[in-house]
Amino acid sequence: MRKINIFDTTLRDGEQSAGVNLNLHEKLEIARQLERLGVDIIEAGFPAASKGDFQAVKQIAETIKGCSVTGLSRSVQSDIDAAWEALKGGAEPRLHLFIATSPIHMAHKLRMTPEQVVEAAVSAVKYAKRYFPIVQWSAEDACRSELPFLAEIVAKVIEAGASVINIPDTVGYITPKEYGEIFTFLRNNVQNIEKVSLSAHCHDDLGMAVANSLAAIEHGATQIEGTINGIGERAGNAALEEIAVALYIRKDYYNATTRLNLQEIKRTSNLVSKLTGMVIPANKAVVGKNAFAHESGIHQDGVLKEKTTYEIISPELVGVQSNSMVLGKHSGRHALRNRVEELGYTLAEEEINKLFVRFKELADKKKDITDDDLVALIFEEKFDH
Ligand code: KIV
Ligand code: ZN
């Protein structure tokens, strides 16, 4: 199986979520949990962005020894110097350099010609290589860049010493098929591309970040970047927990694996949600409150007979204690009897049938039937006549 490196940017791109601001102590707590989760690389921040970010990256690099710690840097010497000061105490210092390569960004944001962008990228990589054993280079807005230009600049930064090439879908614009084709194009048109690791970095503006990341893996990417719970700028980044679980559940299809300790997923997700204040939607894949909840009678009956009828992921796999049967108006007799027994009551078949009628009447008026509601109904049924 192919090993896929997991590059976590919860503390950098994730912290760029509107309204999120993590202090040093919170960042360290998340970094320690990411280390327990088993990510390969933690992007701890953007050292040149602020004093706070610099301190956080430095402290994380000096504390975390179970994986590589990196920091983001523009293609300018002052950023690279700041990043080295922050990262040099780390177990495996690596730099994440970026510059935009799309016509829109080069013309309007950078106000540079393509030639100037190539020159800046190459000299930044060469300068960074004086300090850093590993330099990752990202083509910002790669997916709206012209492919021949992308291939040209990638070839030049590889020659200058970059050993990881990242292809960000900065604005979440690409589709899975097109994203895969970019990786294939680069693999077929860039000299020495087989000597570097190819990385995917997807944003979720059109809701395709996870699908795009998986498409990249199918087309040769060996590193995936994303965040826990998919937090990040605008609609967020690719949700790493979804990608890791998809690779695990569909290893028959992807034939690829990560070194994540999947049982730590729920704990990591809860911690990130608590410290960032970003609530996890109930229906969020893998970590949402409803991800392992069954409400309809047909589903509940199936799961009670054999879990795999409606559960492709076992809750224990990701550190969730168990699935749950939510009693509501769609629920059936089987789930009702099961819950009654769990609550410690033994009812005859006749009593269950009557209770079921009362339960359905109540469920038509109320969204969730709680255990207290059920006990009240059982008492009415058993003792009220
Ligand atoms: O989305 C993006 O392009 C980025 C880069 C800085 C890698 O986050
Ligand atoms: Zn990004």
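Going by the structure above, here's the rest.
Residues numbered from 1 in each chain as written. Chains lettered and ligands numbered in written order. Predicted model: local features only at pLDDT ≥ 70, side-chain atom pairs only at ≥ 80, totals over all residues. Heavy atoms only, no water.

Side note on the side chain of threonine 70
Here is the rule: A run of H or I in DSSP becomes a helix once it reaches four residues, and a run of E becomes a strand once it reaches two; helices and strands are each numbered from the N terminus. Only protein chains enter the accessibility calculation, which uses a 1.4 Å probe; a residue whose area is less than 20% of its type maximum is buried, one above 50% is exposed, and one in between is partly exposed. Think of a polar contact as two N or O atoms within 3.5 Å of one another; within protein, one of them needs to be a possible hydrogen donor and the other a possible acceptor, and neighboring residues in sequence only count if both atoms come from side chains. We call two residues in contact when some of their heavy atoms are within 4.5 Å.
Topologically, threonine 70 is positioned in strand β4 (residues 68-74). Since its relative accessible area comes to 0%, threonine 70 is described here as buried. One polar contact links the side chain of threonine 70 to the main-chain carbonyl oxygen of arginine 94, over a distance of 2.8 Å. Setting aside anything within four residues of it in sequence, one finds threonine 70 in contact with Phe7, Ile41, Ile42, Glu43, Ala44, Gly45, Leu87, Arg94, Leu95 and His96.

Looking at helix α8 (residues 209-218)
Within α8, 8 of the 10 residues are buried, leaving the element largely enclosed by the surrounding structure. Of the positions making up α8, those classed as buried are Ala209, Val210, Asn212, Ser213, Leu214, Ala215, Ala216 and Ile217. Following α8 by one or two positions, glycine 220 has its phi on the positive side, about 110°.

A look at the site of ligand 1
Put simply, the rule is: To be near a molecule or strand, a residue needs just one of its heavy atoms within 4 Å of it. Note on areas: Shrake-Rupley with a 1.4 Å probe; residue coverage comes only from the protein chains shown.
Taken together, Arg12, Asp13, His96, Phe98, Ser138, Glu140, Pro168, Thr170, His201 and His203 form the complete shell of residues around ligand 1. Aspartate 13 is positioned with one of its side-chain polar atoms (N or O) 3.1 Å from an oxygen atom of ligand 1. Histidine 201 places a side-chain nitrogen or oxygen 3.1 Å from an oxygen atom of ligand 1. Its free accessible area being 260 Å², ligand 1 has 95% of it covered by the protein chains.

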